Amino acid sequence: MDFTLDTARTEDLLPELRAAIVSLCISAHQEDSFNELFTHIPTGGRHFLSYLGSRLIGHAVVTTRWAQPDGLFVLRTAYVDAVSVAPDAQGRGYGSRLMRFLAAGISDYEIACLESDRPAFYCRLGWEEWRGPLAGRRGDMLVPTPEQKGVMILRLPLTPALDLDRGLSIEHQGGRIW
């Protein structure tokens, strides 16, 4: 079967594809909260999709957020969520190919960021784990998140010089920070 990659904006996803994405994410993560994916991303997402033949086997979505490394300006951030590969397709390189495709498709951002409990997978693809203190930002107020682990960044062509041991904050988004 042919392996193919594609992108789509949230606004352009037909109901059948939305349902397939939700099903894939639930299957890959064993997490029913993905039923709410399109409630959290009703518009403005850039979805990266992979297929074996006509079957959806991989997904990741990028939304625009605003991260700020200590001492630098606020960066337009490609925030990556819902990275999922069908369980029977895992370990075959499909996830790596999807994430490389995603990285090539976000060069208009200043930095990419995600949170993961599988940092080794992303490190192999050039992502780096942020080592410094993390926080959320509400206006000018910082909300420290010392318990947060697994925040990773990907340097893009527009990324300024970074010190991964300094602080990093991101705008507070509804009920979540990272």
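Heads up: the structure comes first, above all this text.
Below is a summary of the structure that appears in this document. (Residues numbered from 1 in each chain as written. Predicted model: local features only at pLDDT ≥ 70, side-chain atom pairs only at ≥ 80, totals over all residues. Heavy atoms only, no water.)

1. What about the nonpolar core?
Ranked by internal contacts, the top residues of the largest apolar core, which has 23 residues, are Ile21, Leu37 and Ile57. Among the secondary structure elements, those contributing two or more residues to this core are β1 (3-9), α1 (15-29), α2 (37-40), β2 (46-52), β3 (55-69) and β4 (75-85). Counting residues per element, this core draws most heavily on α1, at five residues. If we ignore the near neighbours within four places in the chain, the residues touching Leu37 are Ile21, Val22, His59 and Ala82. Phe48, Met99, Tyr122 and Leu154 belong to the second-largest nonpolar core, a separate cluster that totals 20 residues. (Core = buried A, V, L, I, M, F, W, Y, C linked by side-chain atoms within 4.5 Å. Buried < 20%, exposed > 50% of the residue type's maximum accessible area, 1.4 Å probe, protein only. Helix = DSSP H or I, 4+ residues; strand = E, 2+ residues; numbered from the N terminus. Contact = heavy atoms within 4.5 Å.)

2. Points about the packing of aromatic side chains
Enumeration according to the criterion identifies four aromatic pairs in this entry. Each ring, one from Phe48 and one from Phe101, has its centre 5.8 Å from the other, and the planes form 80°; the classification is edge-to-face. Highlighted residues: Phe48 in strand β2 and Phe101 in helix α3 (residues 94-104), separated in sequence by 53 residues. The class for Phe48 is buried, based on a relative accessible area of 1%. Ring plane angle 80° and centroid distance 4.8 Å describe the contact between Phe121 and Tyr122, whose orientation is recorded as edge-to-face. As far as burial versus exposure is concerned, Phe121 and Tyr122 are alike and both buried. Taken together, the ring pairs connect Phe121, Tyr122 and Trp127 into an aromatic cluster. Geometry around Phe38 places Arg18 over its ring, the cationic atom sitting 4.7 Å from the centre. Here the guanidinium or amino end of Arg76 rests over the ring plane of Tyr109, the centre of that ring lying 4.0 Å away. (Phe/Tyr/Trp six-rings, centres within 6.5 Å; stacked < 30°, edge-to-face > 60°. Lys NZ or Arg CZ within 6 Å of the ring centre and 35° of its normal.)

3. Observations concerning the layout of surface pockets
A volume near 1100 Å³ is recorded for the largest pocket. Lining the largest pocket are 40 residues; nearest its centre among them are His29, Phe34, Asp81, Ala82 and Val83. Contributions of two or more residues to the lining of the largest pocket are made by α1, α2, β3, β4, α3, β5 (111-115) and α4 (119-123). In terms of residues, the lining of the largest pocket owes the most to one element, β4, which gives seven residues. Its residues assigned to classes, the lining of the largest pocket shows 15 nonpolar, 16 polar and nine charged. (1 Å grid on protein atoms, 1.4 Å probe; cavity = no way out; pocket = protein on both sides within 12 Å on 5 of 7 lines; lining within 4 Å. Points joined across faces, edges and corners; volume = space filled by probe spheres on them. Nonpolar A, V, L, I, M, F, W, Y, C, P; charged D, E, K, R; others polar.)

4. Quick word on unusual backbone geometry
Even without being glycine, Gln30 reaches a positive phi, approximately 50°. Position of Gln30 relative to the elements: it lies in the loop between α1 and α2. Although it is not a glycine, Ala82 sits at a positive phi angle of roughly 55°. Along the chain, Ala82 falls in strand β4.

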